[in-house]
Amino acid sequence: MRIGIVILPDQRWAESQRRWRQADEWGFDHAWTYDHLGWRDLVDGPWFDSMTTLTAAATVTSRIRLGTLVASPNFRHPAAFARQITTVDDVSGGRLLLGLGAGGIGFDSAVLGGETLPPRQRVDRFAEFTELLDLILREDGTTWRGDWFAAVDARNNPGCVQQPRVPFVVAANGPRSMRLVARFGQGWVTTGTDADDVEGWWGTVSALSARLDRTLDEAGRDPATLDRYLSLDAAPVFSLSSAQFFADQVGRAADLGFTDVVTHWPRASSWYAGDEAVLADVATRLLPELRG
């Protein structure tokens, strides 16, 4: 089991860099940040750009993989985004993981003044976004005109350090998005779906995992070629509420066939409120055992 941590981009770099360094030194396998222009009620507080943050994180870490959880077409164009991806992969020496999702409603979808899309159209846009981004990152000189995006001779020189491109970790719960996982993903990430209690949430995770198995089978995709990521903190209880609870959650994820889990750096209040001492205990006492 590989274990990762999300560090929200809500602190000035003078404070945030300590967390990225510490995650690397503790031995976490991957570290992520949210790719939003603003997120939920934190939109009124400090918030920083994801790709710039990951570039800075690459300079203060040496081994940990770095990623977006997740980038979406809400405010991204594949041609411009491909340049940022190539840059972060280069600065990090090939450590970038690219989490991708359809994008929800809220600040990101409204701040640019566009219309709020219904779910079907968001998935339509995501499918085109993912296909075009894949093409630009793998081939130099891409020309494309679709329903949502266009590109004329989009360049990727020198290309990603990781070849043929950086790994895509595709967020998907529905059938159409899962087909994108089967086609483009090196990884699948899920948050499960809403539930009243932890047991109910695990039931949704199990059902989604079974759906992915069916999708891979229908696509003729070998399940062994796909990593499976679970965001533990979508459950009704924060995964780092105690060290024992975290260990239990990791065990349950492994039982369902997940290769990777992700928790969040505890915050003082609001989302992911918790005690950094629990994180330190997990990292120094339990992490080697859980990863092994």
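Owing to the predicted nature of the structure, the values given are computational and were not obtained by experimental measurement.

Engineer: Explain the pattern of salt bridges to me, please; I cannot follow it from the model alone.
Structural biologist: Between side chains of opposite charge, pairing is possible as soon as their charged atoms come close. As enumerated under the stated definition, the model contains 19 salt bridges in all. One connected set of salt bridges, linked through shared partners, spans Glu15, Arg18, Arg19 and Glu276.

Engineer: Just checking my understanding: could you explain the environment of alanine 247 for this structure?
Structural biologist: Within the fold, alanine 247 resides in helix H8 (residues 243-255). Judged by relative accessible area, alanine 247 falls into the buried class, the value being 17%. The sequence separation of alanine 247 and leucine 287 amounts to 40 residues, and the corresponding C-alpha distance is 9.0 Å. When neighbours within four sequence positions are excluded, alanine 247 is seen to be in contact with Leu286 and Leu290.

Engineer: Help me understand the packing of aromatic side chains, please; the structure alone is not making it clear to me.
Structural biologist: The geometry of an aromatic ring pair is captured by the separation of the ring centres together with the interplanar angle, meaning the angle of the planes. In total, this model carries twelve aromatic pairs according to the counting rule given. For the ring pair tryptophan 39 and tryptophan 271, a centre distance of 5.2 Å and an interplane angle of 55° mean the geometry is tilted. Taken together, the residues tryptophan 39 in the loop between strand S2 (30-33) and helix H2 (50-60) and tryptophan 271 in the loop between strand S10 (260-264) and helix H9 (276-291) connect sequence positions 232 residues apart. For tryptophan 39, a relative accessible area of 8% gives the class buried.

Engineer: Even after reading the chapter, I still don't get the sheet that holds strand S4 (residues 96-100), so can you show me in this structure?
Structural biologist: One key point about sheets: their strands pair by backbone hydrogen bonds, in either a parallel or an antiparallel sense. The strand order around the closed barrel formed by eight strands is S1-S2-S3-S4-S7-S8-S9-S10, and the pairing between neighbours is parallel. Strand-to-strand twist across the sheet, computed as the mean angle between neighbouring axes with direction ignored, equals 25°. Relative to S4, strand S3 (residues 65-71) runs parallel, the two sharing four bridges. Counterpart to leucine 66 in the pairing with S4 is leucine 96. Across the sheet, helix H5 (residues 119-138) lies against S4 and strand S7 (168-171), angled at about 180° from S7, the strand it touches most.

About the cut-offs
Residues numbered from 1 in each chain as written. Predicted model: local features only at pLDDT ≥ 70, side-chain atom pairs only at ≥ 80, totals over all residues. Heavy atoms only, no water. Salt bridge = Lys/Arg side-chain N within 4 Å of Asp/Glu carboxyl O. Helix = DSSP H or I, 4+ residues; strand = E, 2+ residues; numbered from the N terminus. Buried < 20%, exposed > 50% of the residue type's maximum accessible area, 1.4 Å probe, protein only. Contact = heavy atoms within 4.5 Å. Phe/Tyr/Trp six-rings, centres within 6.5 Å; stacked < 30°, edge-to-face > 60°. Pairing = 2+ DSSP bridges. Axes fitted to C-alpha atoms, helices over the stretch in contact; angles between N-to-C directions.

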